[in-house]
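Residue-level listing of the chains:
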Amino acid sequence: MVGFEAKDAQGEVEKVEAEPFYGHFFTGLLKRVSPNTETLAVGYNNGLVNLYIGPKFWNEHLNNVLYKLGGIKHEILHIVFKHIFRYKGFSHKTIFNIAADLVVNQCIKPNQLIDGAVMMDKFPELNLQPHQHTNYYYNILLDLYNKCTSDNASEEDKNSKSWQSLRGFLDENDMNQRRHTMWKKIDDLTNAEKDVLESAVNQGLENSIQRLKPQHYGNLPAGLKQYLEEFQISQI
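This text gives an overview of the structure that appears in the document.

The rules behind each value
- Residues numbered from 1 in each chain as written.
- Predicted model: local features only at pLDDT ≥ 70, side-chain atom pairs only at ≥ 80, totals over all residues.
- Heavy atoms only, no water.
- Helix = DSSP H or I, 4+ residues; strand = E, 2+ residues; numbered from the N terminus.
- Rg over C-alpha atoms; globule rule 2.2 N^0.38 Å.
- Buried < 20%, exposed > 50% of the residue type's maximum accessible area, 1.4 Å probe, protein only.
- Contact = heavy atoms within 4.5 Å.
- Expected span 1.5 Å × (residues − 1).
- Salt bridge = Lys/Arg side-chain N within 4 Å of Asp/Glu carboxyl O.
- 1 Å grid on protein atoms, 1.4 Å probe; cavity = no way out; pocket = protein on both sides within 12 Å on 5 of 7 lines; lining within 4 Å.
- Points joined across faces, edges and corners; volume = space filled by probe spheres on them.
- Nonpolar A, V, L, I, M, F, W, Y, C, P; charged D, E, K, R; others polar.
- Core = buried A, V, L, I, M, F, W, Y, C linked by side-chain atoms within 4.5 Å.
- Pairing = 2+ DSSP bridges.
- Axes fitted to C-alpha atoms, helices over the stretch in contact; angles between N-to-C directions.
- Polar contact = N/O pair within 3.5 Å; in protein donor to acceptor, adjacent residues only side chain to side chain.

1. Side note on the overall build of the protein chain
Here is step 1 of the chain: Assigned secondary structure in the protein chain consists of 12 helices and 3 strands.
Here is step 2 of the chain: Against the 2.2 N^0.38 benchmark of 18 Å for 236 residues, the protein chain shows a C-alpha radius of gyration of 18 Å, consistent with a compact globule.
Here is step 3 of the chain: Projected onto its principal axes, the C-alpha positions of the protein chain cover 55 × 45 × 40 Å.
Here is step 4 of the chain: Residue burial in the protein chain is summarised as follows: out of 236 residues, 49% are buried.
Here is step 5 of the chain: Sequence separation of 24 or more characterises 62% of the internal contacts of the protein chain that already satisfy a separation of 6 or more.

So, in structure tokens, the structure goes:
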């Protein structure tokens, strides 16, 4: 595929019959294709959340159907879990990005994640528990960062795979970090603007849930299924 058409991505999502939630949510997203976009990313434009698609990234990095599905699901989950609204609450933004990626990537099949994705096995010494909230991973990663950047850091900590992984992911030029650069524009919105934007996200989420058939819930990852059930209760 030399160019990009939104219908191509939409068609690929909708072919995954066992995961229709993503297809429904994707259909309601505004998509913006631009050569100025380096990756696949969520951003803000004209009062709505947009999915920004870099053609080069789409063709060269997401170079098969599975990677394209994983890339789309990754961005959708950041919206669904409201990570894009939580930036201001964390002092170390880049560590928050990594923690948020740990959360969403656990809901995606490993064969749908490209090389270099943030995954649990990158931090073996930390004994991270699966399917936890962003705050849990953020606090543990921040503790590792503080420990390894202090004057009293041990050689064991500095040589650990977990620290080497974290250092790499903290690089502002790392692909995973570049996928979050557009969140700052959302973070800079007024509280009133954020409320309007979040209401639009909630409506899109509610519409996607309503279109799901009961049997489709059983095919969702446990963490996502629980989140959606709690979301529905909160809307009553």
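Don't stop here, the text continues.
2. Focus: helix H4 (residues 65-80)
Because each turn of an α-helix spans 3.6 residues, side chains separated by three or four positions in sequence point in the same direction.
Here is step 1 of the chain: Taking 1.5 Å per residue, 16 residues should reach 22 Å; H4 reaches 22 Å between its end C-alpha atoms and fits that length.
Here is step 2 of the chain: Most of H4 sits out of view: 14 of its 16 residues are buried.
Here is step 3 of the chain: Lys82 occupies a position one or two residues after H4 and carries a positive phi of about 65°.

3. Section: the pattern of salt bridges
Here is step 1 of the chain: In this structure the tally under the stated criterion is 7 salt bridges.
Here is step 2 of the chain: A salt bridge links Glu75 to Arg179, with the shortest nitrogen-to-oxygen separation between them at 2.9 Å. Linking Glu75 in helix H4 with Arg179 in the loop between helix H9 (175-178) and helix H10 (183-187), this pair joins segments that are 104 residues apart in sequence.
Here is step 3 of the chain: On the basis of relative accessibility, which here comes to 1%, the residue Glu75 falls in the buried class.
Here is step 4 of the chain: Classification of Arg179 as buried rests on a relative accessible area of 7%.
Here is step 5 of the chain: A salt bridge links Lys184 to Asp188, with the nearest nitrogen and oxygen atoms 2.9 Å apart.
Here is step 6 of the chain: Its relative accessible area of 48% is what places Lys184 among the partly exposed residues.
Here is step 7 of the chain: Beyond isolated ion pairs, a larger network of salt bridges with shared partners links Lys88, Asp187 and Lys194.

4. Digging into empty space enclosed by the protein
Here is step 1 of the chain: One pass over the structure, following the stated rule, counts 2 cavities of 30 Å³ or more.
Here is step 2 of the chain: When its volume is computed, the largest cavity comes out at roughly 70 Å³.
Here is step 3 of the chain: What lines the largest cavity is Leu62, Tyr67, Gly70, Gly71, His74, Asn105, Gln112, Leu113, Ile114, Ala117, Asn176 and Arg179.
Here is step 4 of the chain: The class makeup of the residues in the lining of the largest cavity is 5 nonpolar, 6 polar and 1 charged.

5. Thoughts on the nonpolar core
Here is step 1 of the chain: By size, the foremost hydrophobic cluster in this structure holds 64 residues, and its most contacted members are Phe21, Val80, Phe123, Leu224 and Leu228.
Here is step 2 of the chain: Residue contributions to this core peak at 7 residues, all from helix H5 (residues 93-105).

6. Considering the sheet that holds strand S3 (residues 48-53)
Here is step 1 of the chain: The 3 strands lie next to each other as S1-S3-S2, forming an open sheet whose pairing is mixed. Single-partner strands in this sheet number two, and they are strand S1 (30-33) and strand S2 (40-45). Direction aside, the axes of adjacent strands within the sheet are offset by 35° on average.
Here is step 2 of the chain: Here S2 pairs with S3 via 6 bridges, running antiparallel. Counterpart to Asn45 in the pairing with S3 is Leu48.

7. Describing the side chain of His74
Here is step 1 of the chain: One can find His74 in helix H4.
Here is step 2 of the chain: A polar contact is formed between the side chain of His74 and the side chain of His78, at a distance of 3.0 Å.

8. Quick look at the layout of surface pockets
Here is step 1 of the chain: Approximately 420 Å³ is the volume found for the largest pocket.
Here is step 2 of the chain: For the largest pocket, the lining is made up of 18 residues, of which Phe81, Val103, Gln132, His133 and Tyr227 are closest to its centre.
Here is step 3 of the chain: Elements with a minimum of two residues in the lining of the largest pocket: H5, helix H6 (134-148) and helix H12 (222-234).
Here is step 4 of the chain: In terms of residue count, H12 provides more of the lining of the largest pocket than any other element does, 5 residues in total.
Here is step 5 of the chain: Taken together, the residues of the lining of the largest pocket sort by class into 6 nonpolar, 9 polar and 3 charged.

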